[in-house]
Amino acid sequence: RKYMPMLVHRFIRSWGSFSLRRYYGLGLRYCSSSSLSSRGDVMHTLQERGLVADMTSPALPSILRTPTAVYIGFDPTADSLHIGNLLQIIALAHFKRAGHTPIAVMGGATGLIGDPSGRSKERPLIDEDTVAHNMKHIHQTLEYCLRDDSNTTPSSSSSSEARPPSVKLVSNMDWFRQFNVVDFLRDVGKHFRVNAMLMKDSVRLRLEKEPTESSGPGAEAAGMSFTEFSYSLLQGYDFLHLFRTHACTVQVGGSDQWGNITAGCDLIRKVTGKIAHGITLPLLTTSTGEKLGKSAGNSVWLSSHRTSPYDFYQYWLRTQDADVDKMLKYFTFLPLPEISRIMDAHKAHPERRGAQSVLASHVTSMVHGEEATKQAANASRALFGGADAQGGDGGEGALQGMSADQLEAIFKDAPSSSLPHDRFCRSVASVAVDSGICASKSEAKRLVASGGLYVNNKRVDNVDTSLTSADLIDNRICVLRAGKKNY
């Protein structure tokens, strides 16, 4: 063995180009039913909020009345998690609030392989430096979202009461470093049967895919490489390792992780003779069937360097009326009776978007903090006016409280123009034409007459009004608005 120091992931990456034959079977799963337990049970909490898609045993609600360790894995395929991952973080937080020990596993090793679940084609392999870079950012996000002083900790907890267990953040590279390829195949691989692996949806659906017609270098190969086929062995061993070292008995994952989760449960049973369990969360979709987490075709990320707190806040503020009740149950820890009261008030005045404001405030606060949420809410009022969830007045006051840097960030995608100072200090009609918000002075005059032209969110009442340096925020920016949303 000393002559084979190669890490398992290196072996799989090097030899993973061999494709498997198109054999497959059918997978079976136990689908959860309605709520099965008392109100104080974490499974009951998850089920009444609609957060349970499947579970491995109907006895789980009773089993989880005893504290245990629960884990969810996060592969570092990008330098930020997205809101699909946020639902997993929320689930981990529910277990934390119920007194279970939450474990977040970052895929330092599995990220080098690539999870085939939910993929129609092979993932591009990423190098170790990229994985390390991505893990650093993901670690920061997980640590912040699951911090002890966040809303993932019950507000009713007093200093005299036992606080929920702190989250444990680990990387599976820590335990895969010990393996060489022979050890892994002997100690882990022997417990997996190929025919059972072929029944997994993540494998079966890929093997059913028709091969592409092109066959030259760079052409997509049919079926699945050994690299991705081996992924369930690695994730299965993650569960076994955590079972041994952290007494972890439950794994939670997205709906596409059922096959990988049950592989881990089977491995634990075969190696230790004991039973472990799995839970999957529902697929995130809107009322129209669209996958949640996309905004104009782009993913909504949790890291501010990819999606700004303002854009993140706005994403939730734009939630459709048909979806907001479900989103409040999924992404906040508000008690269900309070959510019902919020929805009753929202239905009476849907134009105020009160439920959306509550949703945006709670989720943004969890991910970016209270200060960033306050700035995003102020920016929203500055742009669109009206009251927010805290009863702000919006309008001119909210805009005047913002800096030029904040306004530049907000309006980064809005039309803009630059004018010399002497061309700014003229009539508002002239500036409206020069800036491009009006095509002609006559259009500007009609807009003023109808009450539809605003300077820094203050309505212009006289077309002959002249702009001055006092209308420049930080002496460099002025915001013109035509109608409700044309900036």
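Conventions used here
- Residues numbered from 1 in each chain as written.
- Predicted model: local features only at pLDDT ≥ 70, side-chain atom pairs only at ≥ 80, totals over all residues.
- Heavy atoms only, no water.
- Helix = DSSP H or I, 4+ residues; strand = E, 2+ residues; numbered from the N terminus.
- Buried < 20%, exposed > 50% of the residue type's maximum accessible area, 1.4 Å probe, protein only.
- Contact = heavy atoms within 4.5 Å.
- Areas by Shrake-Rupley, 256 points an atom, 1.4 Å probe, with all protein chains shown as cover.
- Expected span 1.5 Å × (residues − 1).
- Polar contact = N/O pair within 3.5 Å; in protein donor to acceptor, adjacent residues only side chain to side chain.
- Salt bridge = Lys/Arg side-chain N within 4 Å of Asp/Glu carboxyl O.
- Pairing = 2+ DSSP bridges.
- Axes fitted to C-alpha atoms, helices over the stretch in contact; angles between N-to-C directions.
- Left-handed = near helix turned anticlockwise from the far one by under 90°.
- Nonpolar A, V, L, I, M, F, W, Y, C, P; charged D, E, K, R; others polar.
- pLDDT = per-residue confidence, 0-100.
- Phe/Tyr/Trp six-rings, centres within 6.5 Å; stacked < 30°, edge-to-face > 60°.
- Lys NZ or Arg CZ within 6 Å of the ring centre and 35° of its normal.
- Core = buried A, V, L, I, M, F, W, Y, C linked by side-chain atoms within 4.5 Å.
- Right-handed = clockwise from strand over helix to strand, strands pointing away.

Undergrad: Describe in detail the overall build of the chain, supporting the description with residues and values.
TA: Scanning the chain from terminus to terminus reveals 22 helices and 11 strands. Buried residues in the chain amount to 50% of all 487 residues. Considering only contacts in the chain between residues 6 or more positions apart, those separated by 24 or more positions represent 74%. Of the roughly 23500 Å² of accessible surface on the chain, 50% is carried by carbon and sulfur atoms.

Undergrad: So what's going on with helix α5 (residues 128–145)? Which residues, and what values?
TA: End to end, α5 covers 25 Å across 18 residues, agreeing with the expected 26 Å (1.5 Å per residue, within 8%). For α5, the capping residue at the N-terminal end is Asp127, with a side-chain oxygen 3.1 Å from the backbone nitrogen of Asp129.

Undergrad: How would you summarise the pattern of salt bridges if you had to cite specific residues and measurements?
TA: In the structure shown here, the tally under the stated rule is seven salt bridges. The shortest N-O distance in the salt bridge between Arg269 and Asp266 comes to 3.9 Å. Taken together, the residues Arg269 and Asp266, both in helix α12 (residues 258–272) and three residues apart, mark about one turn of the helix. A relative accessible area of 41% means that Arg269 is categorised as partly exposed. When the shortest N-O distance is used, the salt bridge between Asp325 and Lys329 registers 3.2 Å. Residue Asp325 and its partner Lys329 are both found in helix α14 (residues 321–331); the two are separated by four residues, about one turn of the helix. You can call Asp325 partly exposed: its relative accessible area is 26%. For Lys329, a relative accessible area of 25% translates into the label partly exposed.

Undergrad: I'd like a rundown of the sheet that holds strand β5 (residues 248–253), residues and numbers included.
TA: Taken in spatial order, the six strands of this open sheet run β1-β6-β5-β2-β3-β4, and their pairing is mixed. Each end of this open sheet is capped by a strand with a single partner; those strands are β1 (54–55) and β4 (168–171). Note: strand β2 (residues 69–74) against β5, three bridges, orientation parallel. For Tyr71, the partnering residue across the bridge sits in β5 and is Gln251. Set on the sheet, helix α4 (residues 83–97) makes contact with β2, β3 (101–106), β5 and β6 (277–280); between it and β2 the angle comes to about 165°.

Undergrad: Run through the sheet that holds strand β10 (residues 458–459), naming residues and quoting values.
TA: With antiparallel pairing, the three strands of this open sheet are ordered in space as β10-β9-β11. The open sheet is flanked by β10 and β11 (480–482), the only strands paired with a single partner. Sheet topology note: the strand β9 (residues 453–455)/β10 ladder contains two bridges and is antiparallel. Pairing of Tyr454 across the sheet is with Arg459, part of β10.

Undergrad: Could you give me a rundown of the packing of helix α13 (residues 309–317) against helix α16 (residues 354–368), with the residues and numbers involved?
TA: α16 packs onto α13 with a crossing angle of 145° between their chain directions and a minimal axis gap of 8 Å. In terms of crossing hand, the pair formed by α13 and α16 is right-handed. Taken together, the residues of α16 that come into contact with α13 (itself represented by Pro309, Phe312, Tyr313, Trp316 and Leu317) are Gln356, Ser357, Leu359, Ala360, Ser361, Val363, Thr364, Val367 and His368. Residue composition of the contact of α13 with α16, grouped by class: nine nonpolar, five polar and no charged.

Undergrad: Give a detailed account of the confidence of the model for the chain, specifying residues and quantitative values.
TA: Low pLDDT marks regions whose predicted coordinates should not be analysed in detail. In this model, the chain carries a mean pLDDT of 83, and residues with pLDDT of at least 70 account for 80%. Under a pLDDT of 50 for its full length, residues 1–8 has, in the predicted model, 18 contacts with residues more than four places off or in other chains. Low confidence marks residues 386–394, where pLDDT is under 50. Its contacts with residues over four positions away, or in another chain, come to 12 contacts.

Undergrad: A description of the packing of aromatic side chains should follow, citing residues and the corresponding values.
TA: Applying the stated criterion across every chain yields a total of 10 aromatic pairs. Centre to centre, the rings of Phe312 and Trp316 are 6.1 Å apart; their planes meet at 70°, and the pair counts as edge-to-face. You can see Phe312 and its partner Trp316 sitting in helix α13, four residues apart, about one turn around the helix. Accessibility expressed as a relative area gives 0% for Phe312, which makes it buried. Of the aromatic side chains, those joined through ring pairs into one cluster are Phe312, Tyr315, Trp316, Tyr330 and Phe331. Lying across the ring of Trp301, Arg306 places its NZ or CZ 4.3 Å from the centre. Taking NZ or CZ as reference, Arg481 lies 4.0 Å from the ring centre of Tyr454, over its face.

Undergrad: How would you summarise the nonpolar core if you had to cite specific residues and measurements?
TA: One finds Leu86, Ile89, Ile279, Trp316, Leu328 and Phe331 to be the most contacted residues of the largest nonpolar core, which totals 100 residues. Top element by residues in this core is α4. It accounts for nine residues. Excluding residues within four positions of it along the chain, Trp316 makes contact with Ile83, Leu86, Met327, Phe331, Gln356, Leu359, Ala360 and Val363. If you look at the next biggest cluster of nonpolar residues, it comprises 18 residues, including Ala429, Ala444, Leu453 and Leu480.

Undergrad: Describe the environment of His362, and please don't skip the residues or the numbers.
TA: If you trace the backbone, His362 turns up in helix α16. Placed 28 residues apart in sequence, His362 and Leu334 show a C-alpha to C-alpha distance of 9.1 Å.

Undergrad: Break down the pairing of β5 for me, with residues and values.
TA: Along β5, five of the six residues are buried, which leaves the element largely enclosed by surrounding structure. With four bridges connecting them, β5 and β6 associate as parallel partners. Across the sheet, residue Gly253 finds its bridge partner in β6, namely Thr280. Crossover connection from β5 via α12 to parallel β6: handedness right-handed.

Undergrad: If you had to explain unusual backbone geometry to someone new, which residues and values would you point to?
TA: Of note in the backbone geometry, Ala247 takes a positive phi value of approximately 55° without being a glycine. Tracing the sequence through the fold places Ala247 in the loop between α11 (231–246) and β5. Here Ala247 falls in the partly exposed class, since its relative accessible area comes to 47%. Phi at Asn475 is positive, roughly 60°, even though this residue is not glycine. With respect to the helices, strands and loops of the structure, Asn475 is situated in the loop between β10 and β11.

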